[in-house]
Amino acid sequence: MQLYSLQFVAFLLVAFACYYLVGRYVRRGQWVVLLVASLGFYLASGWQNLFFILLTSLSTWGVGLAFDALNRRCDEARKAASDRSQRKAIKQQFKHRKWLVLLAVMLLNFGVLGYIKYWNTILAGFGAGDSFLASHLLLPLGISFYTFQSIGYCIESYNDKYPPQKNYAKYLLFVSFFPQLIQGPINRYDALATQLYEHHSLDTHEARKALLLIGYGMFKKFAIADVLVNTVSHMLDFVDAGTPGCVVFAGILLYTIQQYGDFSGGIDMVRGVSQLFGIEMAENFRQPYFSTSMADFWRRWHMSLGAWMRDFVFYPFAVCKPMLKLNKWGTEHLGKTFGRTLSACIGNILVFLLVGLWHGADLHFVLWGLYNGVIIAAADVARPLFAWLIEKFKVNVESAGWHVWRIVRTFALINVGRVFDRLYEPQALADGWHNLIFNFNPGGFMPYMNLHPTFALSLCLAFAACGCIFVFIVSVNKERGVDVSERILAAPLVLRILLYAFVLCMVFFSFSIAVHAGGFLYANF
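All values reported here derive from a predicted model rather than from experimental measurement.

1. Examining the overall build of the protein
Looking only at helices and strands, one finds 22 helices and zero strands in the protein. For a compact globule of 525 residues, the expected C-alpha radius of gyration is about 24 Å, and the protein comes in at 25 Å, within 12% of that figure. Summarising its shape, the C-alpha atoms of the protein cover approximately 85 × 70 × 60 Å along the three principal directions. Looking at the 525 residues of the protein, the share that counts as buried comes to 49%. The long-range fraction of contacts in the protein, counting pairs at least 24 apart against all pairs at least 6 apart in sequence, stands at 76%. When the accessible surface of the protein is summed, it comes to about 25800 Å², and 67% of that surface belongs to carbon and sulfur atoms. Positive and negative side-chain charges in the protein, numbering 44 and 31 respectively, have mean positions lying 9 Å apart.

2. Thoughts on the pattern of salt bridges
Tallied over the full model, the rule gives 19 salt bridges. A salt bridge links Asp-380 to Arg-383, with the nearest nitrogen and oxygen atoms 2.8 Å apart. Residue class for Asp-380 comes out buried when judged on its relative accessible area of 16%. Through salt bridges with shared partners, one network takes in Glu-156, Lys-161, Arg-188, Asp-190, Arg-310 and Asp-311.

3. Some remarks on unusual backbone geometry
With an omega of 5 degrees, the peptide bond between Gly-184 and Pro-185 qualifies as cis. Here Pro-185 is to be found in the loop between helix 7 (178-181) and helix 8 (189-197). Its identity as a non-glycine residue notwithstanding, Asp-160 has a phi of 60 degrees, on the positive side. Position of Asp-160 among the secondary structure elements: in the loop between helix 5 (143-158) and helix 6 (168-176).

4. A closer look at the environment of Tyr-162
Locating Tyr-162 in the fold gives a position in the loop between helix 5 and helix 6. Here Tyr-162 is in contact with Gly-152, Tyr-153, Glu-156, Ser-157, Tyr-189 and Asp-190, once residues within four sequence places are set aside. Within the structure, Tyr-162 has its side chain in polar contact with the side chain of Glu-156 (distance 2.8 Å).

5. Overview of the packing of aromatic side chains
In this description, a pair of aromatic rings is defined by centroid distance and the angle of the planes. For the structure shown, the criterion picks out 55 aromatic pairs. Ring centres of Tyr-171 and Phe-174 lie 5.8 Å apart, and the angle between their planes is 45 degrees; on these two criteria the pair is classed as tilted. With Tyr-171 and Phe-174 both in helix 6 and three residues apart, the pair spans about one turn of that helix. Classification of Tyr-171 as buried rests on a relative accessible area of 0%. A ring pair is formed by Phe-508 and Phe-511, whose centres lie 5.9 Å apart and whose planes are at 85 degrees; its orientation type is edge-to-face. Of this pair, Phe-508 and Phe-511 are both found in helix 22 (residues 493-513), three residues apart, which corresponds to roughly one turn of the helix. On the accessibility criterion, Phe-508 (55% relative accessible area) is exposed. Lys-117 extends its terminal NZ or CZ atom over the ring of Trp-358, reaching a point 4.9 Å from the ring centre. Residue placement shows Lys-221 over the ring face of Phe-520; its charged tip is 4.6 Å from the ring centre.

6. A closer look at the confidence of the model for the protein
Scored by pLDDT, the protein comes out at a mean of 92, with 97% of its residues at no less than 70. When pLDDT is averaged over each helix and strand of the protein, the minimum, 86, is found for helix 13 (residues 321-334) and the maximum, 97, for helix 6.

7. Things to note about the side chain of Asp-380
Its place among the elements puts Asp-380 in helix 15 (residues 363-381). In this structure the side chain of Asp-380 is engaged in a polar contact, spanning 2.8 Å, whose partner is the side chain of Arg-383. When sequence neighbours within four positions are dropped, the list of residues in contact with Asp-380 reads Thr-341, Cys-345 and Asn-348.

8. Things to note about the nonpolar core
In terms of nonpolar packing, the biggest core is built from 127 residues, with Phe-174, Phe-178, Leu-196, Leu-236, Phe-277 and Trp-298 touching the most fellow members. Counting residues in each nonpolar core, the second largest holds five residues, with Leu-70, Ala-81, Ile-90 and Phe-94 among its members.

9. Description of the packing of helix 4 (residues 84-125) against helix 5
Relative orientation of the contacting elements helix 4 and helix 5 amounts to 175 degrees, with a least axis distance of 11 Å. As summarised for this structure, helix 4 and helix 5 are arranged roughly antiparallel, according to the angle between their axes. Touching Lys-95, Lys-98, Trp-99, Leu-102, Val-105, Met-106, Asn-109, Phe-110, Leu-113, Ile-116 and Lys-117 of helix 4 are Ile-143, Ser-144, Thr-147, Phe-148, Ile-151, Cys-154, Ile-155, Ser-157 and Tyr-158, all from helix 5. Counted by class, the contact of helix 4 with helix 5 contains 13 nonpolar, four polar and three charged residues.

10. Things to note about the packing of helix 10 (residues 245-276) against helix 17 (residues 400-422)
Taken N-terminus to C-terminus, the directions of helix 10 and helix 17 make an angle of 90 degrees; their axes are 9 Å apart at the nearest point. With respect to helix 17, the axis of helix 10 lies roughly perpendicular. Residues Ile-252, Leu-253, Tyr-255, Thr-256 and Gln-259 of helix 10 touch helix 17, and the partners they reach there are Phe-411, Asn-415, Arg-418, Val-419, Asp-421 and Arg-422. Classifying every residue of the contact of helix 10 with helix 17 by side-chain character gives five nonpolar, three polar and three charged.

11. Focus on the side chain of Asp-431
For Asp-431, the location among the structural elements is in helix 18 (residues 426-438). Notably, Asp-431 is buried but unbridged: the nearest opposite-charge side chain belongs to Arg-422, and the N-O separation is 14 Å. Excluding its chain neighbours within four sequence positions, the residues that come into contact with Asp-431 are Val-239, Asp-240 and Ala-241.

About the cut-offs
- Every residue gets a number counted from 1 within its own chain, in the order that chain's sequence is written.
- Side-chain atom pairs in this predicted model are given and counted only at pLDDT of 80 or more, local residue features only at pLDDT of at least 70, and totals for whole chains, interfaces and linings cover all residues.
- As a rule here, side-chain values cover all heavy atoms of the structure and leave hydrogens and water aside.
- Secondary structure is summarised from DSSP: a helix means a run of H or I of at least four residues, a strand means a run of E of at least two, and numbering begins at the N terminus for each.
- For the radius of gyration, the atom set is restricted to C-alpha positions; the globular benchmark scales as 2.2 Å times the number of residues to the power 0.38.
- The rule is simple: take the accessible area with a 1.4 Å probe, protein chains only, and divide by the maximum for that residue type; under 20% is buried, over 50% is exposed, in between is partly exposed.
- Residue contacts are defined here by distance: any two heavy atoms, one from each residue, within 4.5 Å place the two residues in contact.
- Residue burial considers only the protein chains on display, and all accessible areas are found by Shrake-Rupley using a 1.4 Å probe.
- Here the positive residues are Lys and Arg and the negative ones are Asp and Glu; neither His nor the chain ends is included.
- Lysine's charge is taken at NZ, arginine's at CZ, aspartate's at CG and glutamate's at CD.
- For salt bridges, the criterion is a side-chain nitrogen of Lys or Arg within 4 Å of an Asp or Glu carboxyl oxygen.
- What qualifies as a polar contact is a pair of N or O atoms within 3.5 Å, subject to a donor-acceptor requirement within protein and to the restriction that residues adjacent in sequence count only when both atoms come from side chains.
- Classification of ring pairs rests on two measures: the distance between centres of Phe, Tyr or Trp rings, Trp counted by its six-membered ring, which must be within 6.5 Å, and the angle between planes, read as stacked under 30 degrees, edge-to-face over 60 and tilted in between.
- Only when the NZ atom of a Lys or the CZ atom of an Arg is both within 6 Å of the ring centre and within 35 degrees of the ring normal do we say a charge sits over the ring.
- What pLDDT conveys is the predictor's confidence in a given residue, as a value from 0 to 100.
- In plain words, nonpolar cores are sets of buried Ala, Val, Leu, Ile, Met, Phe, Trp, Tyr and Cys residues tied together by side-chain atoms within 4.5 Å.
- Axis geometry follows a simple rule: fit a line to the C-alpha atoms, using only the stretch in contact for helices, then measure angles between N-to-C directions, giving values from 0 to 180 degrees.
- Our angle categories are set so that under 35 degrees counts as roughly parallel, over 145 as roughly antiparallel, 65 to 115 as roughly perpendicular, and the remainder as oblique.
- For this classification, Asp, Glu, Lys and Arg are treated as charged, while Ala, Val, Leu, Ile, Met, Phe, Trp, Tyr, Cys and Pro are nonpolar and the rest, including Gly, are polar.

Pasting the structure below:
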């Protein structure tokens with residue numbers, strides 16, 4: 001069931017009506033409506049996929065209960081202990097048991113995810129992609145998202161951040177809540193669960209804001225991303241030695257716009273759907289192309305994945321004993337500045353290697369992840385150098401020009417990484433980079449495009465440019481702290497009608513010029 005289909009609209013209307021109707025008479029029963037709707041939505045993607053989400057939910061729910069039981073046994077044993085050293089030893093013993101349980105559930109769930117998502121890619125790397133060893137399982141809807149979300153629950157339960165959910169049906173709703181299954185975000189239990197289980201009355205003002213968010217997401221998805229799909233494919237799907245570098249350059253810029261429109265538009269749509277039920281999911285984008293550094297970009301782009309990696313990979317890795325020893329060695333032998341950043345640099349490279357692998361096991365994803373990690377690590381190491389240069393040349397870091405320069409520089413670095421992200425085959429990646437550097441050939445752009453005709457190229461580019469201007473205006477206001485939704489709802493009726501008409505016309509007209517569009521890029525994760 002696609003998010004943009006009439007089937008989904010009908011499903012959503014029924015779920016919405018039942019949710020508030022039940023809430024009117026049975027105050028504690030609304031979460032049951034959401035659970036039924038979520039399981040129905042998931043079954044519509046293929047009943048076979050239900051096994052995987054039940055496996056993940058049952059195993060991670062059981063681990064939460066196991067941690068609770070171990071904590072109670074630990075407390076009882078410590079009360080019976082005769083001295084402090086005994087109590088400390090008992091605490092360490094039970095902590096080790098909890099760690100083994102956590103390790104087991106992580107191996108199980110990441111093992112299932114890895115087999116389904118990466119096994120065939122690994123086999124293909126050894127030339128055995130068509131052998132009897134190959135998996136014929138299709139990637140279940142949202143498996144990467146709900147696996148990470150569930151493991152996050154286990155890690156926070158291990159750290160005793162909150163008591164475990166003892167009702168399996170309620171926990172299953174947390175894992176399977178249907179808006180998040182398509183492309184995230186990766187929600188946290190303590191932020192989402194209370195909202196899922198509490199009573200909600202229909203707030204028409206908030207519902208109007210939710211519809212605005214859905215409409216804005218549809219605008220980015222259909223009037224920008226889908227319109228560019230065919231053009232980007234013609235430019236980048238068949239890159240070889242004869243493709244001018246200017247074509248690769250233009251294709252990457254358009255792909256950057258397409259990806260943002262597709263992913264952030266989809267997230268806006270699902271967050272809007274969730275808000276119709278009175279539930280606020282995690283924010284996933286915050287004007288990422290206004291970032292002033294690569295680290296800042298990753299605090300604004302796919303924020304829920306970045307936060308997951310930061311809390312459950314980067315921080316534990318950076319403060320583990322080997323990294324603390326490495327920091328101490330680095331401080332003694334390489335100086336305080338480098339020594340203090342050493343573990344953070346290695347941690348960033350590790351995190352972004354994992355982010356690359358999260359996207360896929362293909363070489364280009366690995367290179368893309370490493371590129372991001374190395375750039376962020378290098379920026380940390382070079383920070384004293386940058387500070388010296390700024391002081392040496394008396395740069396006014398408070399000026400608008402300096403701020404704009406940092407945004408442009410970051411945008412350029414992001415697009416360098418997009419080359420690794422979008423050119424899938426190693427030979428295409430090599431040819432693309434060679435031609436970008438040694439065969440840019442601006443004069444070859446139009447001859448190449450004429451040899452590879454794209455449906456309504458000029459119209460599609462003009463249409464997407466119009467959409468980008470609209471999104472840019474909205475983003476500038478949001479960056480300045482303006483609540484755009486409230487501002488729109490408070491505007492005179494005539495202005496609102498004109499705005500709604502513009503958005504709807506752009507969305508509906510895009511259907512006539514978008515070729516081979518429809519699905520979401522991140523729906524395959």
